[in-house]
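# Breakdown of the fold
Listed here are the chains, written in short residue letters.
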Amino acid sequence: MFISFEGIDGSGKSTVIRMLAEYLQHSGYKPLLTREPGGCTLGHSLRPILLNARTSGLSCRAELYLFLADRAQHVREVIRPALKAGQIVLCDRYTDSTLAYQGYGRGLNPEHLRRINEMATGGLLPDLTLLLNLPVHCGLTRAVQRNREEGTVLSEGRFDAESQAFHEVVRQGYLALAAEESSRFVIIDAARPAGDVVLQCLSAVENVLRQRGKGLD
Ligand code: TMP
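Here's a quick rundown of the structure. What you see is a predicted model; the values in this text were computed from it and never measured. (Residues numbered from 1 in each chain as written. Predicted model: local features only at pLDDT ≥ 70, side-chain atom pairs only at ≥ 80, totals over all residues. Heavy atoms only, no water.)

### A few points about the overall build of the protein chain
Put simply, the rule is: Under the DSSP-based scheme used, a helix requires at least four consecutive residues in state H or I and a strand at least two consecutive residues in state E, with every element numbered from the N terminus. Within these notes, the globule rule equals 2.2 Å times the number of residues to the 0.38 power, and the radius of gyration is based on C-alpha atoms. Buried residues are those whose accessible area, probed at 1.4 Å on protein chains only, stays under 20% of the maximum for their type, while exposed residues exceed 50% and partly exposed ones sit between those limits. Note on definitions: a residue-residue contact is assigned when non-hydrogen atoms from the two residues lie within 4.5 Å. Charged residues are defined narrowly, with Lys and Arg counted positive, Asp and Glu counted negative, and His plus the chain ends left uncounted. Charge placement uses NZ in Lys and CZ in Arg. For Asp and Glu, CG and CD serve respectively.
The helix and strand tally for the protein chain stands at eight helices and five strands. Across the protein chain, helices and strands are ordered from the amino to the carboxyl terminus as β-α-β-α-α-β-α-α-β-α-α-β-α. Taking 17 Å as the expected radius of gyration for a compact globule of 217 residues, we find that the protein chain reaches 16 Å, a close match to that expectation. Looking at the protein chain as a whole, 49% of its 217 residues are labelled buried. If you take every contact in the protein chain between residues at least 6 apart in sequence, the share linking residues at least 24 apart comes to 80%. Treating the 25 positive side-chain charges of the protein chain as one cloud and the 24 negative ones as another, the clouds have centres 3 Å apart.

See the structure below:
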């Protein structure tokens, strides 16, 4: 089973994914935690280039193709083998990030983006996409605090440094994507405390597992 997590910067995805993975492990599953960009060997090199605040000279198109190169390799090297081995893949960002950030955020052509997403992934879509939705000002406050705590202000600050208006467009873009594909997306209220957010995610995961006859214990 393939689950992607989406949301604006600072929506709390990584904390929630970690907590969800622990729960799934206790229930006898072997979840694989991964992320984009940076979930494969190539991605380790690309991530700092993509997120480095000092590389702001990167053009929208160059940025796009680096995200897609990371995705193509990540699907082949990490995601498909894990799915084949029967693991539950928990992926922090995937194709919808490109539609939301490069499409809605940067204004690149959505049809073009859908086509190259499909080329990069060979058409692999998540079974479930959890959209962590919260007001932009809450997300950015969390993201800035996280960067400060982790000392990543320069190396990971590229997207957090975008304007509030940019993130608002991205957030609305995500909500539009979720409305278009309501059978794949579940919208999670990420402004709630972390434990509560995890419970909402668990309930969505459980629904999909139940549909497949594999409910959680
Ligand atoms: P994160 O891994 O900390 O969430 O940061 C990744 C950043 O990269 C985030 O601001 C969203 C951005 N991004 C895109 O713009 N397009 C993409 O396709 C992906 C995967 C991420």
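### Brief notes about helix H2 (residues 41–51)
How we decide: In this description, one arc is meant: the one made by directions from the helix axis to the C-beta atoms.
Those residues of H2 that sit buried are Gly-43, Leu-46, Arg-47, Leu-50 and Leu-51. Here the buried residues of H2 occupy an arc of 120° about the axis, which is enough to place them on one side. Across from the buried face of H2, at angles greater than 90 degrees, the exposed residues are Thr-41 and His-44. On its buried face, H2 sits against strand E2 (31–35) and helix H3 (60–84).

### Topic: the packing of helix H1 (residues 13–26) against helix H8 (residues 194–211)
Cut-off, in case you're wondering: Axes here mean lines fitted to C-alpha atoms, for a helix over just the part in contact, with angles spanning 0 to 180 degrees between N-to-C directions. Roughly parallel covers angles under 35 degrees, roughly antiparallel covers those over 145, roughly perpendicular covers 65 to 115, and oblique covers all other angles. Crossing handedness follows the turn of the near helix against the far one: under a right angle anticlockwise gives a left-handed crossing, and clockwise gives a right-handed one. Each residue gets one of three labels, nonpolar for Ala, Val, Leu, Ile, Met, Phe, Trp, Tyr, Cys and Pro, charged for Asp, Glu, Lys and Arg, and polar for the others, Gly among them.
At a minimum axis separation of 10 Å, H1 and H8 run at an interaxial angle of 55°. Taken together, H1 and H8 sit at an angle that is classed as oblique. H1 and H8 meet at a crossing whose hand is right-handed. In this structure, H1 contributes Val-16, Met-19, Leu-20, Tyr-23 and Leu-24 to the contact, and H8 contributes Ala-194, Gly-195, Val-197, Val-198, Cys-201, Leu-202 and Val-205. Split into classes, the residues belonging to the contact of H1 with H8 amount to eleven nonpolar, one polar and no charged.

### Regarding the sheet that holds strand E4 (residues 128–133)
Test applied: If DSSP finds at least two bridges between two strands, the strands pair.
What the five strands build is an open sheet, ordered E2-E3-E1-E4-E5; its pairing is parallel. Only two strands of the sheet have a single partner each, and these edge strands are E2 and strand E5 (185–189). Averaged over all adjacent pairs, the angle separating strand axes in this sheet is 20°, with direction ignored. Here E2 pairs with strand E3 (residues 88–92) via five bridges, running parallel. In the strand pairing of E3, Leu-33 is matched with Leu-90.

### Examining the nonpolar core
To be explicit about the condition: Nonpolar cores are built from buried Ala, Val, Leu, Ile, Met, Phe, Trp, Tyr and Cys residues. Side-chain atoms within 4.5 Å join them into one set.
Ranked by size, the top nonpolar core spans 48 residues in total, and within it Ile-3, Leu-20, Leu-90, Leu-130 and Val-205 carry the most contacts. Looking at this core, the element that brings in the most residues is H8, giving eight residues. Each residue touching Val-205, except ones within four places of it in the same chain, is listed here: Met-1, Ile-3, Leu-20, Leu-24, Leu-128 and Leu-130. In terms of nonpolar packing, the next biggest core, distinct from the first, is built from eight residues, Val-75, Cys-91, Tyr-94 and Leu-124 among them.

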